[in-house]
Amino acid sequence: MTSFSPNMLKTFETCPQKYWFKYVQKISMPQKASYFEKGKKVHALANYYLRGDDISKLETALNTDERIVWENLKQNEFFQKSYVNSEYNLSCKVGEYWIGGRLDALVKDENFYYILDYKTGQIPKNPEYDYQTMVYLLCASKKFGKNIKFVYIDLKNNQNCVIDFDKDYEKPILEICDKIKNTQTSVERSKKCDFCEYRKICI
Ligand code: SF4
């Protein structure tokens, strides 16, 4: 049984044909590694730190840019709340579909649980209805109850985007999952193709 991740849902919405290449045919195409490098390092470091590992040696290996971002995260008010879990896999059932993903971290205070998502690049344009927000909030709420918020930590601009769990997220998730189940893929070329890693094999 497939469990739909936020990336799967986003990919389908961008282009059903791309979804077919990536998640049905499981064809992976190379992408520029450097683009993800800083984000990867900070995510790994944050996970070790929250778990209580000694990260002093790893910290000295950071370059200037990475150090600024890492210090921003360490000082962040949400990152400093009580640790529950990190790199945390959660899934749940919505209608007939399984959805899920891996949270960067889950923390709490006396009132709420907070799903943390560290961003070294842009936060989503419409964060309240981003598939990541919706999938993670739904999954976490089924396990921890409705007193839960999603926090995008924008490390570049050193600010937070906090989203309450007060909307009907099941409906849009069911809609996109139904579409995936029922759509026949077809190639419709558009501007998005210029930036697609599959364009070389796409007709
Ligand atoms: S090249 Fe265009 S149509 Fe083909 S998979 Fe990529 S985005 Fe979709």
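Residues numbered from 1 in each chain as written. Predicted model: local features only at pLDDT ≥ 70, side-chain atom pairs only at ≥ 80, totals over all residues. Heavy atoms only, no water.

Here's the deal with the side chain of E59
Mapped onto the secondary structure, E59 falls in helix α4 (residues 56-60). Separated by 2.7 Å, the side chains of E59 and W70 make a polar contact. Among residues more than four places away in sequence, those in contact with E59 are R67, W70 and K74. (Helix = DSSP H or I, 4+ residues; strand = E, 2+ residues; numbered from the N terminus. Polar contact = N/O pair within 3.5 Å; in protein donor to acceptor, adjacent residues only side chain to side chain. Contact = heavy atoms within 4.5 Å.)

Quick word on helix α7 (residues 170-182)
With 13 residues, α7 should reach 18 Å at 1.5 Å per residue; the first-to-last C-alpha distance of 18 Å fits that figure. Inspection of α7 places P172, I173, I176, C177 and I180 among the buried residues, and these make up the whole buried set. Taken down its axis, α7 places every buried residue within 130° of arc, on the same side. Looking at α7, the residues exposed on the side facing more than 90 degrees away from the buried face are K171, K181 and N182. On its buried face, α7 sits against β1 (3-4), α1 (6-14), α2 (16-24), β2 (82-94), β3 (97-108) and α6 (131-144). (Expected span 1.5 Å × (residues − 1). Buried < 20%, exposed > 50% of the residue type's maximum accessible area, 1.4 Å probe, protein only. Arc of directions from axis to C-beta.)

Re the site of the ligand
The environment of the ligand is made up of 10 residues, and the closest members are C15, C193, C196, R199 and C202. Looking at side-chain class alone, the shell around the ligand contains six nonpolar, one polar and three charged residues. (Near = heavy atom within 4 Å. Nonpolar A, V, L, I, M, F, W, Y, C, P; charged D, E, K, R; others polar.)

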